[in-house]
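The lines below spell out each chain.
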Amino acid sequence: MKTDFIPLDYDYFDFQGRNYIRIIGRSSKGKRICIIDSCPVFFWAILKDEVDKEKIEKLMRKIAKIKIDAKGRNTRVEKVEAHSKNFLGKKVRALKIFATNYKDLHDIADELDFDEIEKRRGYDLGFITHYIIEKKILPCNWYEISGGILNNSLEFGGMDMAFNVDFFIKLEKAEKIDGVIFKPKIIAYDIETDEIQIGKGEILMISLISDGLKKVITWKKPGKFPDVEYVKNEAELLEKFSEYVKKISPDFLVGYFSDGFDLPYLKARAEELKVKLDLGLDGSEPKFSRGIELTGRIKGIVHIDLLKFIKTAYSQYMQSETLSLNEVAGEFLGEKKKEWKHKHSSKIEDDGWEKYYEYNLQDSVLVFRLFEKIWPDILEFSRVMSEPIFEISRNGMSKNVESYILHHLENFNEIPEKRAMHEEISKRMNLGKYEGAFVFEPTPGLYENLAVFDFTSSYGSTIVTYNLSKSTLLEKAEKDAHMIEISGEKFYFSKKPGFFPEMLREIIELRKKYKRELKINPDAIKMARSNAFKLLANAAYGYQGFFGARYYSREAAASTAAFAKKLIKEVIDLINAEKYKVIYSDTDSIAFPLGKKTEKQTLDFLKKLNSQLPGIMELELEGFFKRGIWVTTRAGKIGAKKKYALLGNDGKVKIRGFETVRRDWCPLARKMQDKVLRMILSSGNEKESLEYVKETIKKLNKRKIEKSELIIRTQLKKAILEYKSISPHVIAAKKMEEMKIPVSEGNIIEYYIAETKEKTKLVREKVKLPEEEGEYNIEYYLEHQVLPAVENIFQVFGVETKDIIDEHGKKQGKLSKWM
DNA sequence: GAAGTGGATATACC
DNA sequence: ACTGGTATATCCACTTC
């Protein structure tokens, strides 16, 4: 049989002691196809330099005889070959040792305690990754495949009969082709329960959205509500859900925080009610694996938890303060969740249920639309990293960098480095920090007509330019090498291109290429591809400094920061030498007023600068800005770093670091500061904004400010009991516990500071929950929220605090006097 | 018990 | 455990006089 095919979900099984890959995907005609394939199973033994040919042959014969009986399997070495390979950039002789089962490679490697062998590598990639590298059946790419159909066959123990697919094919040949645009079939789902703790309460309803399906299944309050389907009880609810999933047979089952809530909840309730939650294509139930977080896998259907992907791929560029579905959907779709105040189902009035159903349905609608929106990114991530969607949608960026490397090693004839084990990891973690980026101390003030330059992929370009990696680090000083001094110690890197910097060079080039193509002819896929490469380039530096990395190199990471620091300082000097005056710089950006120069002169100068930069280092214009403001730190007279506001020539305001952008300040202070900054930037003076602040303070004093504007939000980052220092939000969390409001690690705790009868000094003793009765503490909000947010800004104009709070211009003593 | 200081904590920047 | 370091600011916890 011959068909086109796009691989979506990979897993593997053992049959008669051997490993087989099972790939589930689709044809362009929408048929569900499962293919079975296998690949050579092997790892590498790297030989010591001095071992001669004769010894190698003897060793190979010895190794070829290895047989082990592990975990009830008889595994044996099938074949041994000698190869010339590279390991960490060095030429090595290595034995390629083939065995019958991937899972036993580690055990076989353990048997190889021969003197001739230096290292054993390539047994810890995971069979799926190993297979993809070997056979190049890449996820989310189109193939023309051919092979024999298994139809009620006993090959593989009759597995084809158990799988609910259109075709079950034993793969013989696969050829990559340009396929059509793939539009996956998905179900977005969401559940509502009585308790938050997994499995503790009943599941009241499940909503499902798919193409042509929009449904809430429930066993609760009946009535004539649109899109609601009734079943008898919770058990039937689960069965019905299962039935729909099977009927639709989606490629992806998509949820939001569904790894941590919806899917485990369904499983737990199914167990409790003795219902089989047979969602898998073979009728199997979802399986969970525990890393640091729970992940839920369904055989043949890719379970996607959008929250996880959004965290790694978007969160750093997002405005949302939390990654709640409500906020994220608001930002991506301009659409929000429906209003619903959660309460136990026993307390829901008869007329409340319709709202609850609508609420539940809307959540699935949002998940469905969110998926549609970010699908191009998921797809391109999978293609770029060459890893299945299940993996890339959950992995962090360091893992993605590593995937990219592993799938491209063979271009360099490289044997993969192993993952670090526990001991090595703790050793790396204990090394402490190295010196990082340079931040220029600004002189506080309001500046006009500014230019901002920044380095494109600064650290990535630095790694490429100076060839910085584990394999290019030289042990001794060499003449023709890249050298950097870090606090007295000199580090040398070879000029012979290493595979890591070379891969990164390609990543940066591809990113530029796709960005160019995007400009000419934009579409979502090009945008996604360009973005995936951008994220990869940006994560490469962090990867080398990450203790869990296979290609960890603290020296390379520290040198990257040091080289970049040295260069940006040199560039600042060059800019100053051109009669500009740099006023600020952070890591890879430089800001300076144009002074007497024109924009054109500045752009010409930028060109000249670029011609002088080493390697692939490149400066670009971030923008011209009409005005910018820098303030002092709270304590001293020195300029505050990482805190400024700019007004672009395009009218856009860019605010960094100020309380405005910090979620742990109350809305009143944030909004007021934002307005003040905008007023000052557009007018060039403080007059108008000062009046505005005085008005605000008056309102506060008259209690005319709504309590909702005074709610402070702080994240509870660990369990309440683990806190050594009991700060206001910890007290608020404790109060919530007492009131039986569920609180857990990671929650954003809301509270306000209230008036108290007793005179207490500690802020935490004035904490009240938003729903608690009480008057807000005027003094606290004035002195700890409103004034601190604007004091430093007005200071730039010589306006002092007393000028802000004293509308008559007279010095006042205690605040209470004029309150 | 007030004042000063360092530590713990949260959040932002790049 | 699941990229890195730099920086600001708040409030608590503790010491000192």
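Check the entry above for the structure.
Residue numbering note: each chain is counted from 1, following its sequence as written. Numbering of ligands from 1 and lettering of chains from A proceed in the order in which they are written. Whole-chain, interface and lining totals are the exception, using all residues; otherwise, since this is a predicted model, local features are given only for residues with pLDDT of at least 70 and side-chain atom pairs are given and counted only at 80 or more. Excluding hydrogens and water, the side-chain figures rest on all heavy atoms present in the structure.

Things to note about the state of the cysteines
Worth spelling out the cut-off: What counts as a disulfide here is a pair of cysteine sulfur atoms lying within 2.5 Å.
Summed over all chains, the structure comprises zero disulfides. Cysteine Cys 34 is unpaired, with the sulfur of Cys 39 as its nearest cysteine sulfur at 16 Å.

Some thoughts on unusual backbone geometry
Defined as follows: Each helix corresponds to a stretch of at least 4 residues labelled H or I by DSSP, and each strand to a stretch of at least 2 residues labelled E; elements are numbered beginning at the N terminus. Only protein chains enter the accessibility calculation, which uses a 1.4 Å probe; a residue is then buried when its area is under 20% of its type maximum, exposed when over 50%, and partly exposed in between.
One non-glycine residue, Asn 152, adopts positive backbone phi at about 50°. Here Asn 152 lies in the loop between β9 (143-149) and α4 (159-162). Residue classification places Asn 152 among the exposed positions, given a relative accessible area of 55%. Here Asn 449, not a glycine, exhibits a phi torsion of approximately 45°, which is positive. With respect to the element layout, Asn 449 can be found in strand β19 (residues 445-455).

Examining the pairing of strand β24 (residues 589-593)
The line we're drawing: Here, a strand pair is defined by DSSP locating no fewer than two bridges between the strands.
Taking burial as the measure, the five residues of β24 include five buried ones, the bulk of the element. Because side chains alternate across β24, one face comprises the buried residues Ser 589, Ala 591 and Pro 593, and the other comprises Ile 590 and Phe 592, equally buried. Pairing of β19 with β24 involves five bridges; the strand directions are antiparallel. By the bridge assignment for β24, Leu 450 is matched with Pro 593. The sheet contact formed by strand β23 (residues 584-586) and β24 spans three bridges and is antiparallel. Within the sheet, the bridge partner assigned to Tyr 584 lies in β24 and is Ala 591.

Notes on the sheet that holds strand β27 (residues 653-656)
Put simply, the test is: Axes here mean lines fitted to C-alpha atoms, for a helix over just the part in contact, with angles spanning 0 to 180 degrees between N-to-C directions. Contacts are assigned to residue pairs that have any heavy atoms within 4.5 Å of one another.
Taken in spatial order, the six strands make up an open sheet running β23-β24-β19-β25-β26-β27, and their pairing is antiparallel. The strands lining the two open edges of the sheet, one partner per strand, are β23 and β27. Recorded for the sheet is a direction-independent mean angle of 30° between the axes of neighbouring strands. Summarising the sheet, strand β26 (residues 639-648) and β27 pair through four bridges and their orientation is antiparallel. The residue of β27 that forms the bridge with Leu 646 is Lys 654. Most of the contacts of helix α17 (residues 599-612) go to strand β25 (residues 619-632), to which it runs at about 115°, and overall it touches β19, β24 and β25.

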